[in-house]
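A closer look at the structure
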Amino acid sequence: MSKKIRVAQIGCGKMSVYTMRYVFEKGGEIVCAYDVNKGVIGKDISYLTKSENKGVVIEDVANLENSLKKHKPDVAIITTMSLIKDIYDVMKICAKCGVNAISTCEEAFFPMNSSPKITKELDKIAKEHNCTLTGSGYQDTSWGSLISVLCGTTHKITKIKGKSSYNVEDYGIALAEVHGSGLTLQEFDEKIASVDRISDEERQKLIKSGNYSPSYMWTVNGWLCEKLGLTVVSQTQKCVPQTYKKDLKSSTLNMTIKKGHATGMSAVVTTTTKEGITLETECIGKVYGPDEFDQNEWTIEGEPTTTVVINRPATVEMTCASIVNRLPDLIKAPAGYVTTDKMADINYKLNLTK
């Protein structure tokens, strides 16, 4: 007899509004929820989902370990930060408690090419406690599975080019800050752009030490190469500030971004492979002006050349739907840190049962 998937929601911000609703609507169950924000701690999750009372009170994440042991969820959805070092403690606690965990953390999508030390540590703990850790979201579908499927329609590939943009206002303050939104151009150069003006040798030292900050396409290129069986020879990234012609109000940052200041950034990642296929991918995250909108465009160059363009993708909803649709795959996956390229291609799930 099938049973409902029991879910812990870690992070009760903008994204959780969708992940929690989607879990309930697919027949799953939120059994506990956590945050650091005192404004939501102590409130029922219905405060966020705008639904009937669910009888699940948002707890302080400081109580996470004891609470997980008490509630015994099957999986945890982590919708907080963008770098794996920032969710390491939470993932470690989930693993120690034997709780499978999946995160929207962009680096968590393929962290072994940017934070190998942390990934190996989490992999070891997860295996010791027979659970699985992974990352998923918009990139799993729109930058990952979709592109690998298109590659399957190609006889010979010479280059894979990708370009995607998203409004940082939709995701919360942590993501906006990582993109340099609100900084002067000088501050952007000092805090963000200068990090990548280094040699490959220096970059590898940073990666090995766990002090590298990858852009979102950095992990995507690694995922695609692994999925397609390509051998990476070199990989570089360059971050460029984005600006707007007028002052822009940011509700997420609670400030007005002055004309000419950074509204966000474009990050271009170039990967060369032993097989002769080059990946050149760009993600643009910024506070949008009134005339700007999300876009996702990819071209597989070769025989034949194929281009796919998606205008105005609902990136927030697609991110959260991807996470929820991945839950059964997460439960079925082997123990350890298992990236989604090792799982079946993501697909629609009618319900959340195990």
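An account of the accompanying structure is given in this report.

Rules used in this analysis
Residues numbered from 1 in each chain as written. Predicted model: local features only at pLDDT ≥ 70, side-chain atom pairs only at ≥ 80, totals over all residues. Heavy atoms only, no water. Salt bridge = Lys/Arg side-chain N within 4 Å of Asp/Glu carboxyl O. Helix = DSSP H or I, 4+ residues; strand = E, 2+ residues; numbered from the N terminus. Phe/Tyr/Trp six-rings, centres within 6.5 Å; stacked < 30°, edge-to-face > 60°. Buried < 20%, exposed > 50% of the residue type's maximum accessible area, 1.4 Å probe, protein only. Lys NZ or Arg CZ within 6 Å of the ring centre and 35° of its normal. Axes fitted to C-alpha atoms, helices over the stretch in contact; angles between N-to-C directions. Left-handed = near helix turned anticlockwise from the far one by under 90°. Contact = heavy atoms within 4.5 Å. Nonpolar A, V, L, I, M, F, W, Y, C, P; charged D, E, K, R; others polar. Expected span 1.5 Å × (residues − 1). Arc of directions from axis to C-beta.

According to the stated counting rule, one finds 20 salt bridges in the structure shown. Of the charged contacts in the structure, one is a salt bridge between K96 and E65, with a shortest N-O distance of 4.0 Å. With K96 in helix α4 (residues 84–96) and E65 in helix α3 (residues 64–71), the pair connects residues that are 31 residues apart, well separated along the chain. Across the pair K227 and D345 runs a salt bridge, and its minimum N-O distance is 3.1 Å. Of this pair, K227 sits in helix α10 (residues 216–228) while D345 sits in the segment after β15 (336–337), placing them 118 residues apart in sequence. Sharing partners across several salt bridges, the network here consists of D140, R326, D329 and K349.

Glancing now at the packing of aromatic side chains. In this structure the tally under the stated criterion is six aromatic pairs. Between Y166 and Y171, the aromatic rings sit 6.3 Å apart at their centres with planes inclined by 80°, giving edge-to-face as the arrangement. You'll find Y166 and Y171 in the same group, each marked buried. With a centroid separation of 5.9 Å and 25° between ring planes, the pair formed by Y166 and Y216 is classed as stacked. Residue Y166 is located in strand β7 (residues 156–167), and its partner Y216 is located in helix α10; the two are separated by 50 residues in the primary sequence. Across the pair, Y216 and Y166 agree in class, each one buried. Among the aromatic residues, those joined into a cluster by ring pairs are Y166, Y171 and Y216. If you follow K43 out to its NZ or CZ, it ends over the ring of Y47, 5.1 Å from the centre. Seen from the ring of Y47, K50 lies directly overhead, with NZ or CZ sitting 5.4 Å from the centre.

Moving on, we get to the packing of helix α6 (residues 138–151) against α10. The geometry of α6 relative to α10 is characterised by a closest axis approach of 10 Å and an angle of 35° between their N-to-C directions. Viewed along their axes, α6 and α10 form a crossing whose handedness is right-handed. Here Q139, D140, W143, G144, S145, I147, S148 and C151 of α6 lie close against α10, whose contacting residues are Y216, M217, V220, W223, L224, K227 and L228. Residue composition of the contact of α6 with α10, grouped by class: nine nonpolar, four polar and two charged.

Let us now look at helix α1 (residues 14–25). Its 12 residues give α1 an end-to-end C-alpha distance of 18 Å, which sits within 8% of 16 Å, the value for a rise of 1.5 Å per residue. Among the residues of α1, those classed as buried are M15, S16, T19, M20, Y22 and V23. The buried residues of α1 all sit within an arc of 165° when viewed along its axis, so they share a single face. Its buried side turned inward, α1 meets β1 (6–10), β2 (29–35), α2 (46–49), β4 (75–78) and α11 (315–332). Downstream of α1 by a residue or two, G27 has a phi angle that is positive, lying close to 90°.

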